[in-house]
Structure formats: C-alpha cells, structure tokens
Amino acid sequence: VISRVNIRAAAVVSPGPDGQLSDALLIKERRNRKVGALPVKARMVLEATRRCLQKGDIDPTSARKRPGVSLGTLCGSMDVAEQSLRTVHGAGFAEVTPSWYATGLPSATSAIVASVHDMKGPNLTVLGHHAGIDAIIFGCRQILAERASAMLAGGFDVPNESFLARFHSAPEYAEVTVHGGAGLVWLEEDRGLAAGMTAIVGWSQGILDERAFQAGELSQLLRLAAGGIPLSTTPVVHRISPARHGAVDYLAATSVIYLVESVIDSGAPGLHALCAKGFGPSVSCLLLEKSSS
Amino acid sequence: MRTPIAITGVGVASPAGTTADSFWSFLALQEDARGKWLKRALGEYPVDNVVSMSEDLWREIMEAWEASENRAAALAAWTVSRALQDAGLPVDGRRTGCILASTTAGVEATENAVLARSAGAHRGPPLDYDASTIVPPIFRWSGPTSVISTACSSGLVAPMLAGDALLAGEADAMIAGGIEVLLEYTICGFNALRLATGDRCRPFDQMRKGVVLSEGAVCFCLERLDVAQARGAPIRGVILGSGVSCDADHVTAPDPEGVAVAILEALERSGLGPESVGGVIAHGTGTPVNDVSEIRALRAAFGEVELPPITSIKAVMGHSQAAAGSFSLLAALLALRTGRLPATAGLRTLDPALSDIDVVQAAGPALRKNAVLVNAFGFGGNNCAMVVADQALSSGTG
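Residues numbered from 1 in each chain as written. Chains lettered and ligands numbered in written order. Predicted model: local features only at pLDDT ≥ 70, side-chain atom pairs only at ≥ 80, totals over all residues. Heavy atoms only, no water.

(A) Quick look at the overall build of chain B. Helices and strands together make up the secondary structure of chain B, namely 12 helices and 12 strands. The globule rule puts the C-alpha radius of gyration for 398 residues at 21 Å, and the 20 Å found for chain B is close to it. Looking at chain B residue by residue over its 398 residues, the buried ones come to 68%. Counting contacts in chain B only where the partners sit at least 6 residues apart, residues at least 24 apart contribute 80% of the total. Accessible surface computed for chain B: about 12,300 Å², of which carbon and sulfur atoms make up 50%. The averaged location of the 42 negative side-chain charges in chain B is 3 Å from the averaged location of its 30 positive side-chain charges. (Helix = DSSP H or I, 4+ residues; strand = E, 2+ residues; numbered from the N terminus. Rg over C-alpha atoms; globule rule 2.2 N^0.38 Å. Buried < 20%, exposed > 50% of the residue type's maximum accessible area, 1.4 Å probe, protein only. Contact = heavy atoms within 4.5 Å. Areas by Shrake-Rupley, 256 points an atom, 1.4 Å probe, with all protein chains shown as cover. Lys, Arg positive; Asp, Glu negative; His and termini not counted. Charge placed at Lys NZ, Arg CZ, Asp CG, Glu CD.)

Below you can see the structure in the form of structure tokens.
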C-alpha cells in the first residue's frame, strides 16, 4: 500500500508585473496535430508542463501504469462563454467557431495536455479558487487507488472579463492584482525521497468560515491530514486564500505557485502544511515533508 | 473484487420530477419530452429544442436562494439534502464529504453578465463565479469536498472518486453526483458543433442525428457496504468496480480503444467477467460517431462474450451533460430493482452497422443477471465505466 506520494518535479508559469502572457510563457506551437488550434490557456499550461517534465527528466510514456492529469481552474469556460455569447448577439451565430466550445470547456485544458503528451490515465478537472490544491489531492488519490502510477497535477487560470469586473467590484478585492498563471507538480508513487525533495504525506478537506481560517484554527484539518493522529512535529503552516495581502492573485494557480516557490523550491527542510481556501468555506490542506539537501 | 460501495440514498431533480419513481415512470412512457427553452427565446440558433425542468420546479428549488444567480448551487442543495434524507444519514458526527460534478456551475454568472441581465444586481464577493461553492455549506462537511468537471463523463466520475475516497478511509459517507443547469452558452456550443438535432434523439437508429440538451441533478449517498450494513442503511444498489481513462486523442471524437480501457478496468475491479453483466446503460448520445464507437469499445472489452442487452435513456431524458452519467447510474439501480432495463425510445430502424446488438425496445426483456454496466464519456476523451449490482451479488449470494 502506498502511504505517501512524491513530488518529483514542479514548475510554474507566471507573468511579470505587467501581467502579460508573453511568448516566453507559452509553448511555441499554436496548433497540434490531434487537437487543432490551441487556446492561449492551453499553451500556457503546456509550457508549464514542458518545464516540469524537463526539470524532472520525465518521459510520461515510461510510467509504470498510464499517467494521468489533474488540474484545477476557477474561470474554466467563462472566457469561451463570453466570446460565444458576444459573437452570437453581435455578429450572429454564423460567426461562432465550432471548436470554441469543445476546446474551451473547463476540462479541455487537461485533455489537451493529455493528448499532446499521450497521457491516458485519469483526466480530472476541479473547479474553484483553491482547486489547484484539490487537483493535487485528487492526483494523490488516483495513485493510491492504483488508477495511475504518476499524475501531472496543479492549477491554472486566465481571468475573464466579467469575473474580473465582479471581483473588483467587491471592496475587499478592489485593489487586488489578478494575473493568469499555472503551477504544476509531477506526482509519483513513493520510491524513497531523494535529498532536497518534497513528499505529500497527508491531506484533508473540510469546511471553515473565513474568521476561523484567518485566525489559523486549523487543528482539525491538520489532524485529519495526518490520518487522525496528533502530529509529532509541528508543521510550518501556510495559509492561502483569495487576495493575500500584497500578493498577486493567480486564481486557481495561486496556491500551487506558492507551493512550488515557497515550499518545494525554497522552504526549510521539515514538515509543512499548506491550507488553501476559496471564496466559499471549503478548505483543502496538504501535509508535506521536505528532506534536507 | 475490491470492497463494494453501497448506494444508500438518492436525491433527484429532473424534467421527470423529483423522485426516483417519477424518473422511472417517465422512462417507461418513452415520450418525446422536447420543447422550447422557457428561460428565453433561442431564435438565433438553428436548433432550439431542449428537455428542461418545469418553471414550477425551478421556482420551488430557487425559493431559498433569491440572493444567488447560480442556480447550480440551489439545485445542488436540493438534491444533496434529499440524498442524505433518503439514506437516513445525519452529517453531524460522521466524516461525510461531497463531490459534485458540473460543466456549467459558475458560468451562469458570466452568461448573465454578458447578456446584461444582472447589471449592478450583485456586488458582493464573487461567490457565484466559484463553482466550488455549490457544495452546500449548510452541512458541516468533514470529509472530501470538491466540484469536478470532466465534461459529459462527470456524473459517473464523481461517484467513482467518492468511492475511492471511501476506500482510502477519508470518510464514512460521501455524497456524489452530477448537477447541470441549461445555459445558452451550452446550447450555442452544441449548435456550433452540429451535434444538436431538431429531430428527436434516436440512439442506435440509422437516421440518428444528435443530441437534445437537457438539465437536472442526481446525487447519491455512498458508504462502504460493511459500514452501510452495520448501521442498517437502505441499500439501493452496490458499486462493484469502476474504470476511468483518457483517449489522449481527438477533442470531440471518441476513441474506441480508450473507451474499452475504462470498461475493462471497471470489469476487472468488479471481479466479474463480462458474461456476468446483464445489461448496459450506454452513454448512447444518438450522435452518428458516439454510438458506433461505444459499441466497438464494448465489443473489444467483451471479447468473445456476446454483448448483453444495451439501452440508452437519452431519447427520453435528453443529454444533461455533467448529470448524464448520474441519471444513467440511477437508471441502472432502478433496472436492478425492477428486474427490467428501460427501453431505448425513439428507435425506428437499427443502424445496420450495429445490427448484431440487442438494443432494448418496448417493455424490454427481463434482466437475466443482477449486474449492470454503466458508461459515460465526455469531450476530451474522458471515459468512465461502472459495474453496479444488487446487494445479493456483492455478498456472494447472487
């Protein structure tokens, strides 16, 4: 029985202060033989995938059992809904491009990544602001359930216009900068943890109101993540929620970009707990162990 | 066979009404339930017929949700609470989680904004854009909670994932199912793909032309069979095994090879051979490509074993996308209870390419074996299959 899941590699794509998704943040290919035209958000996630595979020297097709993909997104198909409806009610239905719908579904990006990299295992998409962490948890579950021996997992988003309008109309978010971005990890069954590497040793999900989350009342979630037993070591706790003070918000990519940059790449060795909360009361928690370099 | 998962409760809201029995009666009538979409006129589109929930039912569901423009949240709360009630399961004191599926949750706010139907009406936090908020917060979930979207396989994938969470010991009970609200954006998409038909949906017919979109929700309460039996829960059926795969190929056209992988995994995990399957609730969308691919995949998975009777409920229920797999699973449970598969309505002349299969028609033959295979597939090559049975089979007495 697998009791832990290793993070073999991780990568992010995040734009500079101007928020522009420049060519350097997108794979060069604009069309794919199997998929056809590639939407910008898919090109961004494919670039993050390329970086992740390269960092870990990973060939997805060599996994013991078919690898899968598990991605989280908040905005999902909202951009395509805007584009389609504006076209219909502006230029007319005849101007709607047939491929918009299928390549714009919330699940289309994970399917496109699977197609391009021939990953035939479970293909999951999770919705919500904290869905990047949820997607990693689902990736771990797929490995535990032996439906895959490895999973590419994480979060991505490119904000759409009407979401941004609503977001910025709320006083608490009025000044928050929102950018597109992607954060990915390559999960695989535990075969020992190399120096400086990070493993996921537990997870939990539950309901917590905003006050309790901000007050750090996370003991129940941490206990569940540890399998119902008290932790022998106090973890470094990281709390991520929409619009953290002074930080750019990457929507569903936020918590995974934080995980990669602040825990996997530069966190201190030891136990970490990363708890992510979305706009609602759902909270997802990852318990991570980072080995010494 | 791995530990079976008991289905101990069902909550449903659909064009057929709000009970499992009304759903079953609706299927038995085999009537053509298509009509105009009542939310607004669809004159811009070549095809404008849908199978929708009645306005009265929507008013009832939305009664407590006036502040929300996310009807998926109201629909989820309605069906989740009924599934818990049906299972006789209080949430408090148990580790209970909720995994829901939707392709449109969160998009309705976008649609309303674009169509300027809510200008200035909602200025609070952007909750209605976050699909994860459709998991009803009124229940103090202490198990896994998520909203997934795997296109039209979602409604079967959600119960599968909930079963995995139960087997991993993350919860004592899980609510799982598909929630789908008809949106103009979806109607636009299926029209653009030329997959929507103005004719009746006719799965497996030689003149089949496509899908008729619909909406609704089904949620199931799932528990490990031993846990359900220990608390004396009502057991509506048992999930013996499930399989999931991705074609990793075309965006819209299914690959029979990828579909067969999911079916084979479901059979392998169920511990049953194909000869033990008494019937198939097919994905059966009635599109020219899907039906042929699905039968090819079944043939590949069943090998030398003759395919059991096959049926599709989409000619009556329409295609409710993320809820479709859940409706098919509900049909399988009711087929096991009644001993009879629902008929494939709308079938006039069987496609000659499928002439060797036994498509259930009229009242249908008696179900000869007490296990049923359920299929659900989605764009992007998302495939899911599940083997369900009655309790007797899971305990070795069937």
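On we go.
(B) Expanded view of the overall build of chain A. Helices and strands together make up the secondary structure of chain A, namely nine helices and 11 strands. Taking 19 Å as the expected radius of gyration for a compact globule of 293 residues, we find that chain A reaches 19 Å, a close match to that expectation. Each of the three principal axes of chain A carries a C-alpha extent, and together these read 65 × 50 × 30 Å. Burial statistics for chain A: of 293 residues in total, 65% are counted as buried. At a minimum sequence separation of 6, the contacts of chain A that also span at least 24 residues come to 76%. For chain A, the accessible area works out to roughly 10,500 Å², and carbon and sulfur atoms hold 50% of it. Taken together, the 27 basic and 26 acidic charged side chains of chain A have centroids lying 6 Å from each other.

(C) Structural context of the side chain of Asn383(B). Residue and element names in this part refer to chain B. Relative to the helices and strands, Asn-383 resides in strand E12 (residues 382-389). Accessibility expressed as a relative area gives 2% for Asn-383, which makes it buried. In this structure the side chain of Asn-383 is engaged in a polar contact, spanning 3.4 Å, whose partner is the backbone oxygen of Gly-258. Within the structure, the side chain of Asn-383 is placed 3.3 Å from the backbone oxygen of Gly-381, a separation counted as a polar contact. (Polar contact = N/O pair within 3.5 Å; in protein donor to acceptor, adjacent residues only side chain to side chain.)

(D) Region of interest: the nonpolar core. Residues and elements named next belong to chain B. In terms of nonpolar packing, the biggest core is built from 112 residues, with Leu-100 and Trp-141 touching the most fellow members. Here this core takes 10 residues from helix H3 (residues 71-87), the largest share from any one element. Each residue touching Leu-100, except ones within four places of it in the same chain, is listed here: Ala-76, Val-80, Ile-134, Val-135, Pro-136, Ser-146, Val-147, Ile-148, Ala-158, Gly-177, Ile-179 and Cys-219. Within the second largest apolar cluster, 60 residues are counted, among which are Leu-27, Met-317, Leu-336 and Ala-345. (Core = buried A, V, L, I, M, F, W, Y, C linked by side-chain atoms within 4.5 Å.)

(E) Examining the packing of helix H5 (residues 131-144) of chain A against helix H5 (residues 154-167) of chain B more closely. Running from N to C, H5(A) and H5(B) point in directions that differ by 70 degrees, and their axes come no closer than 10 Å. Comparing their axes, H5(B) and H5(A) come out roughly perpendicular. Considering only the axes of H5(A) and H5(B), their crossing is left-handed. Touching Phe138(A), Arg141(A) and Gln142(A) of H5(A) are Met160(B), Leu161(B), Asp164(B) and Ala165(B), all from H5(B). Classifying every residue of the contact of H5(A) with H5(B) by side-chain character gives four nonpolar, one polar and two charged. (Axes fitted to C-alpha atoms, helices over the stretch in contact; angles between N-to-C directions. Parallel < 35°, antiparallel > 145°, perpendicular 65-115°, else oblique. Left-handed = near helix turned anticlockwise from the far one by under 90°. Nonpolar A, V, L, I, M, F, W, Y, C, P; charged D, E, K, R; others polar.)

(F) Layout of the pattern of salt bridges. A full pass over the atoms with the stated rule returns 31 salt bridges over all chains. With a closest N to O distance of 3.1 Å, Glu217(A) and Arg211(A) form a salt bridge. Residue Glu217(A) is classed as partly exposed on the basis of its relative accessible area of 41%. For Arg211(A), a relative accessible area of 53% puts it in the exposed group. Several salt bridges converge on common partners, so that one network encompasses Arg66(A), Arg147(A), Asp164(B), Glu265(B) and Arg269(B). (Salt bridge = Lys/Arg side-chain N within 4 Å of Asp/Glu carboxyl O.)

(G) Quick look at helix H4 (residues 107-114) of chain B. Most of H4(B) sits inside the fold, with seven of its eight residues counted as buried. For H4(B), every residue scored as buried is listed here: Val107(B), Glu108(B), Ala109(B), Thr110(B), Glu111(B), Asn112(B) and Val114(B). Next to the buried residues of H4(B) lie helix H2 (78-90) and helix H6 (161-169) of chain A together with H3 and helix H6 (184-192) of chain B. At the C-terminal side of H4(B), Ala116(B) shows a positive phi close to 55 degrees.

(H) A look at the interface of chain B and chain A. With 77 residues of chain B at the interface, the matching set in chain A holds 68 residues. Summed over both sides, the interface between chain B and chain A buries roughly 5,800 Å², with carbon and sulfur atoms accounting for 60% of that surface. Ranking the residues of chain B by area buried against chain A places Pro126(B), Tyr129(B) and Tyr185(B) at the top, with a combined share of 12%. Counting across the chain B and chain A interface gives four salt bridges. A salt bridge links Asp164(B) to Arg147(A), with the nearest nitrogen and oxygen atoms 2.8 Å apart. If one sorts the elements of the side of chain B that touches chain A by residue count, H6(B) sits on top with eight residues. For the side of chain B that touches chain A, a count of residues per class yields 34 nonpolar, 25 polar and 18 charged. (Buried area = accessible area lost by both parts, 1.4 Å probe.)

(I) Inspection of the packing of aromatic side chains at higher detail. Tallied over the entire structure, the rule returns 13 aromatic pairs over all chains. When the centroid spacing of 5.5 Å and the interplanar angle of 75 degrees are considered together, the rings of Phe93(A) and Tyr45(B) count as edge-to-face. Taken together, the residues span two chains, with Phe93(A) in the loop between H2 and helix H3 (99-104) and Tyr45(B) in the loop between strand E2 (35-36) and strand E3 (49-50). Each member of the pair Phe93(A) and Tyr45(B) is classed as buried. (Phe/Tyr/Trp six-rings, centres within 6.5 Å; stacked < 30°, edge-to-face > 60°.)

(J) Molecular detail of unusual backbone geometry. Residues and elements named next belong to chain B. The phi dihedral of Ala-151 is positive, around 55 degrees, even though this residue is not glycine. Mapped onto the elements of the fold, Ala-151 is located in the loop between strand E5 (145-148) and H5. The class of Ala-151 is buried, set by a relative accessible area of 1%. Here Phe-204, not a glycine, exhibits a phi torsion of approximately 70 degrees, which is positive. Along the chain, the position of Phe-204 falls in the loop between H6 and strand E7 (216-224). Among the residues examined, Phe-204 registers a relative accessible area of 0% and is labelled buried.

(K) The arrangement of the environment of Ile264(A) in detail. Residues and elements named next belong to chain A. With respect to the secondary-structure elements, Ile-264 resides in helix H9 (residues 254-264). By relative accessible area, which is 13% here, Ile-264 ends up buried. Sequence spacing of Ile-264 and Gly-196 is 68 residues, and the spatial spacing of their C-alpha atoms is 8.5 Å. If we skip the residues at most four places from it in the chain, Ile-264 touches Ile-7, Ala-10, Val-185, Thr-198, Leu-259 and Lys-290.

(L) Local environment of the environment of Ala195(A). All names here are of chain A. Locating Ala-195 in the fold gives a position in the loop between strand E7 (181-189) and strand E8 (198-207). Since its relative accessible area comes to 57%, Ala-195 is described here as exposed. For the pair formed by Ala-195 and Met-44, sequence separation is 151 residues and the distance between their alpha carbons is 30 Å. In contact with Ala-195, not counting residues within four places along its chain, are Ser-291, Ser-292 and Ser-293.

That's the geometry; what it means functionally is another story.
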